[in-house]
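# Structural characterization, general
Spelled out from the first residue to the last, the chains are:
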Amino acid sequence: VRASDVVLESYPEEPTLCVDRAILANATDSDRYLCALYWATQTVGGVGYGDVRPANAGEVAFAVVTMGLGAAALGALLITVRRVWMESRRKPLELQAKYAATIAFLR
């Protein structure tokens, strides 16, 4: 028994909207657009194509929205980290300026 045979038996291929060409060929334009958006979001998001795939338009839309929210959450986290880092750098500069003003006043 080869490992590939075991994998194929464990995960049987079921036709899905965005993978099966026969289904996609007969799909509406909105379903094709949704599949294109799903492919682009999945590719850019680095999520990969995995063993579990959306089977219908509702699942594809949910996956696209979920990946978009994940990207937005990552962006918000990076913005927050940058803001905290910039704030931590600004405070010592303000204290240094106040110290210099105090020394200049005392002279």
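Up top is the structure.
In this text, all values refer to a predicted model and were calculated from it rather than measured experimentally.

## Overview of helix 3 (residues 29–45)
Spanning 17 residues, helix 3 covers 24 Å between terminal C-alpha atoms, matching the ideal 24 Å at 1.5 Å per step. For helix 3, the complete set of buried residues consists of Asp31, Leu34, Cys35, Tyr38, Thr41 and Gln42. Buried residues of helix 3, viewed axially, fall in a sector of 130°; they line one side. Facing away from the buried side of helix 3, by more than 90 degrees, are the exposed residues Asp29, Tyr33, Trp39 and Val44. Against the buried residues of helix 3 lie helix 2 (21–25) and helix 4 (57–106). Count one or two residues on from helix 3 and you reach Gly46, which has phi positive near 70°.

## Here's the deal with the nonpolar core
Among soluble globular proteins, nonpolar side chains are generally buried collectively. The biggest cluster of nonpolar side chains holds nine residues, and these are Leu17, Ala27, Leu34, Cys35, Tyr38, Val60, Ala63, Val64 and Met67. For this core, the element with the highest residue contribution is helix 4, accounting for four residues.

## Some thoughts on helix 4
End to end, helix 4 covers 73 Å across 50 residues, agreeing with the expected 74 Å (1.5 Å per residue, within 8%). Close packing links the buried residues of helix 4 with helix 3. Measuring from the side-chain oxygen of the N-cap residue of helix 4 to the backbone nitrogen of Gly58 gives 3.2 Å; that N-cap residue is Asn56.

## Considerations on the environment of Val60
Tracing the backbone shows Val60 in helix 4. Put simply, Val60 and Tyr38 are 22 residues apart on the chain and 6.5 Å apart in space, counted from C-alpha to C-alpha. Once residues within four sequence positions are removed from consideration, Val60 is found in contact with Leu17, Cys18, Leu34, Tyr38 and Pro54.

## Here's the deal with the packing of helix 3 against helix 4
Each packed pair of helices is defined by two parameters, the angle between the axes and the distance between the axes. Orientation of helix 3 relative to helix 4, taken along the N-to-C sense of each, is 35°, at an axis distance of 9 Å. The interaxial crossing formed by helix 3 with helix 4 has left-handed handedness. Residue-level contacts link Asp31, Leu34, Leu37, Tyr38, Thr41 and Gln42 of helix 3 to Ala57, Val60, Ala61, Ala63, Val64 and Met67 of helix 4. Among the residues making up the contact of helix 3 with helix 4, the classes are represented as nine nonpolar, two polar and one charged.

Reading guide: rules and limits
One numbering rule holds for all chains: residues counted from 1, following each sequence as written. A pLDDT threshold of at least 70 governs which residues receive local features in this predicted model, and a stricter bar of 80 or more applies before side-chain atom pairs are shown or counted, although totals over entire chains, interfaces and linings include all residues. Excluded from the side-chain calculation are hydrogens and water; included are all heavy atoms of the structure. The numbering of helices and of strands both runs from the N terminus, where a helix is a DSSP run of H or I of at least 4 residues and a strand a run of E of at least 2. Between the first and last residue of a helix there are one fewer steps than residues, each counted as 1.5 Å, and that sum is the expected span. Residue exposure (1.4 Å probe, protein chains only): buried if accessible area is under 20% of the type maximum, exposed if over 50%, otherwise partly exposed. Within this analysis, the arc is defined by the directions that extend from the helix axis to the C-beta atoms. Any two residues whose heavy atoms approach within 4.5 Å are treated as being in contact. Only buried residues count toward a nonpolar core. Its members are Ala, Val, Leu, Ile, Met, Phe, Trp, Tyr and Cys residues joined through side-chain atoms within 4.5 Å. N or O atoms closer than or at 3.5 Å make up a polar contact, with two conditions inside protein: a donor-capable atom paired with an acceptor-capable one, and, for residues adjacent in sequence, both atoms drawn from side chains. To get an axis, fit a line to the C-alpha atoms, keeping to the stretch in contact for a helix; angles then go from 0 to 180 degrees between the N-to-C directions. A crossing counts as left-handed when the near helix is turned anticlockwise from the far one by less than a right angle, and as right-handed when that turn is clockwise. Only Asp, Glu, Lys and Arg are considered charged, only Ala, Val, Leu, Ile, Met, Phe, Trp, Tyr, Cys and Pro nonpolar, and every remaining residue, Gly among them, polar.

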